[in-house]
Every structure is written in structure tokens, then in C-alpha cells.
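# Architecture and fold: a report
Here is how the chains run, residue by residue.
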Amino acid sequence: MAHTAMSGSGTTASDDPLQTAVWRLRSRGCWSDAAALLAPGAADPAVALQRASLLIERCLYTEQGWAEAEDALRAAEAIAQEDDERGAAACERGHLAYASTLLGVRDRADEARAALGRAAALIAPSAPGRPLLDYRRGLVAQNLGDSPQAARAAYHRAHAGATAQGDALLLSATWRHLAGLALHDGDTAQARHGFAESLRLREELGYLVGTAPALVALADAEPEPEATRLRAEARRLFQLLGGVPTWLAARLAPPAAA
């Protein structure tokens, strides 16, 4: 099962101390602290949406905080005025519903599809938010709709858009999911390349909380003893972050004693 959270661009504004601080906290799994930094500006639609996206990402990585994320998202939806703002809020609504369904909290698959469809009607094909929307539609197609062909097409669109925008974090996600589809199809070489690119980008960005999943994904495409080394590295990082993302626990259980 593929799990990932890609709320927002994943990059910091060049000289914006607030955004730099938010990114540093987010990348270490401190979503509540990052959201708290944004609270004073939450009357601004963009800031309100960023707060919501952080809290939704926390849900996907920790399986907790659903009510707080829902409240933040409703607040962002209430003050969205322009089509791109409403579309971005709908994209986050779809992502929250997707996370709830994927993690077995509550089946909201229909809500996820409807919200992402609404976002597609509001976000122009050339708009900055379109690659993230395409990526999330791919997630829904793959993990809720069991439609790998539709997912692959959506991931390719997202990959091209992220490349054009220089969105390294989103690229790390599209590389990983395209690689996952390649591995499922038996193309180990392509899978290994994609997983390695995903890991490289996350390490370069310092996206610590997303690095353990990238290590585990690459391990699935590597032979021994490299696979064991990668999983051990992922396990150390997982423990350093206090067991986040929670859904990686089963994959990283220590090997049984002989």
C-alpha cells in the first residue's frame, strides 16, 4: 500500500524566515508546531490553507489529529474567495478524505473523488496547483480505485508539472509512485532508478520525515545485502522520529531472532 503526504510545494520561500521555520518543523514531523507558527495569519486564505495542509499531513503520517485538521480545513474553505483558492481547498478536502479512507478511519472514497473533481474544475490546467492535484488524483486511482493505468497517467502529468515548476518534494513523490508501478510490473531496473531519485531528492531537501519511507521503497527493489542495509537505516530514522510514519512500523519490525 502506498502512503505519502505531499501537501504544499515542499520548498521554502528564498528569504522568508517564517516559511523557513515552518519547513524545518514540518520536515522533522513537528506539524502542530509548524501550524502554530501560522495561526496569527490564519485570516489570510493562503495561510489558512497552509495550516490545514500541515494538519492533514500530520493525519497521514501519525493517524491522529483528524478533528483538528477538519476544523482547520473548514476555516480555510470558509474564507476562500478566488477560484484557485476554492480549488486548492477542495484539493485538500480530497486529500483528507483519501487519508481517512486509506488508513481505515472512515470510508470517504466518494468524498475524495468528488472533492478532487471539484478541484479539477476550479484549478486551471496551467495553474501552479495543478501538478499536486494530478498527483493526488493518481493516489486515489491507484489506492482506492485499483486503476494503475489511470494512476500512471496522473503521476506522469504531475511529474511533468513538478519538473516544470522545480517542485523537488512533489518530484520525490512522483518518482516513488511511478517506481512502485514499475516494480509491480516487474521492471526492477526502472523501479530502482525511480526509488533512488526519490530518496536523493528527499535527502537533499532535508525532508527527514519522508526519508524512511523512501529508504524502505528502495530496499524493495535492491538485492541483498543492500536491501537489509537500507531497511536498517530506515529503522534508525523511524525510531529517531518517535515512530513516524506510524504505518511503517510493521515494515520495520526488527528481524526475528534465529
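Conventions and cut-offs
- Residues numbered from 1 in each chain as written.
- Predicted model: local features only at pLDDT ≥ 70, side-chain atom pairs only at ≥ 80, totals over all residues.
- Heavy atoms only, no water.
- Helix = DSSP H or I, 4+ residues; strand = E, 2+ residues; numbered from the N terminus.
- Phe/Tyr/Trp six-rings, centres within 6.5 Å; stacked < 30°, edge-to-face > 60°.
- Buried < 20%, exposed > 50% of the residue type's maximum accessible area, 1.4 Å probe, protein only.
- Expected span 1.5 Å × (residues − 1).
- Contact = heavy atoms within 4.5 Å.
- pLDDT = per-residue confidence, 0-100.
- Polar contact = N/O pair within 3.5 Å; in protein donor to acceptor, adjacent residues only side chain to side chain.
- Axes fitted to C-alpha atoms, helices over the stretch in contact; angles between N-to-C directions.
- Parallel < 35°, antiparallel > 145°, perpendicular 65-115°, else oblique.
- Left-handed = near helix turned anticlockwise from the far one by under 90°.
- Nonpolar A, V, L, I, M, F, W, Y, C, P; charged D, E, K, R; others polar.

This part covers unusual backbone geometry. Between Glu224 and the following residue, Pro225, the backbone shows a cis peptide bond with an omega angle of 5 degrees. Relative to the helices and strands, Pro225 is located in the loop between helix H11 (211-221) and helix H12 (226-240). With an omega of 0 degrees, the peptide bond between Val244 and Pro245 qualifies as cis. Within the fold, Pro245 resides in the segment after H12. A positive phi angle, near 60 degrees, is found at Glu63, a position not held by glycine. Summarising the element assignment, Glu63 is placed in the loop between helix H3 (45-62) and helix H4 (66-79).

What follows deals with the packing of aromatic side chains. Applying the stated criterion to the full structure yields four aromatic pairs. Between Trp31 and Tyr61, the ring centres sit 5.4 Å apart and the planes meet at 45 degrees, which makes this aromatic pair tilted. Remark: Tyr61 occurs in helix H3 and Trp31 occurs in helix H2 (residues 31-38); sequence separation between them is 30 residues. The residues Trp31 and Tyr61 share a single accessibility class, namely buried. For the ring pair Tyr135 and Tyr155, a centre distance of 5.9 Å and an interplane angle of 40 degrees mean the geometry is tilted.

Here we come to helix H10 (residues 188-205). Compared with the 26 Å implied by 1.5 Å per residue over 18 residues, the 26 Å span of H10 between its first and last C-alpha is a close match. For H10, the full list of buried residues reads Ala191, Gly194, Phe195, Glu197, Ser198, Leu199, Leu201 and Arg202. Lining the buried residues of H10 we find H3, helix H9 (168-184) and H11. Directly beyond the C-terminal end of H10, a positive phi value near 75 degrees is found at Gly206.

Summarising the model, the chain shows a mean pLDDT of 93, and 93% of its residues fall at 70 or more. Contacts from residues 1-10, a stretch scored under 50 in pLDDT, to residues over four places away or in other chains number 50 contacts.

The end-to-end C-alpha separation of H3 is 26 Å, in line with the 26 Å expected for 18 residues at 1.5 Å each. With a side-chain oxygen lying 2.8 Å from the backbone nitrogen of Ala46, the N-terminal cap of H3 falls on Asp44. Count one or two residues on from H3 and you reach Glu63, which has phi positive near 60 degrees.

With that settled, consider the packing of helix H6 (residues 109-122) against helix H7 (residues 130-144). For any two helices packed against each other, the geometry is given by the interaxial angle and the distance between the axes. Following both chains from N to C, one finds H6 and H7 inclined at 155 degrees, their axes separated by 10 Å at the closest point. Between H6 and H7, the interaxial angle falls into the category roughly antiparallel. For the pair H6 and H7, the sense of crossing is left-handed. Between H6 and H7, the contacting residues are Ala109, Ala112, Arg113, Leu116, Gly117, Ala119 and Ala120 on the first element and Arg130, Leu133, Arg136, Arg137, Val140 and Leu144 on the second. Residues belonging to the contact of H6 with H7 are distributed by class as follows: eight nonpolar, one polar and four charged.

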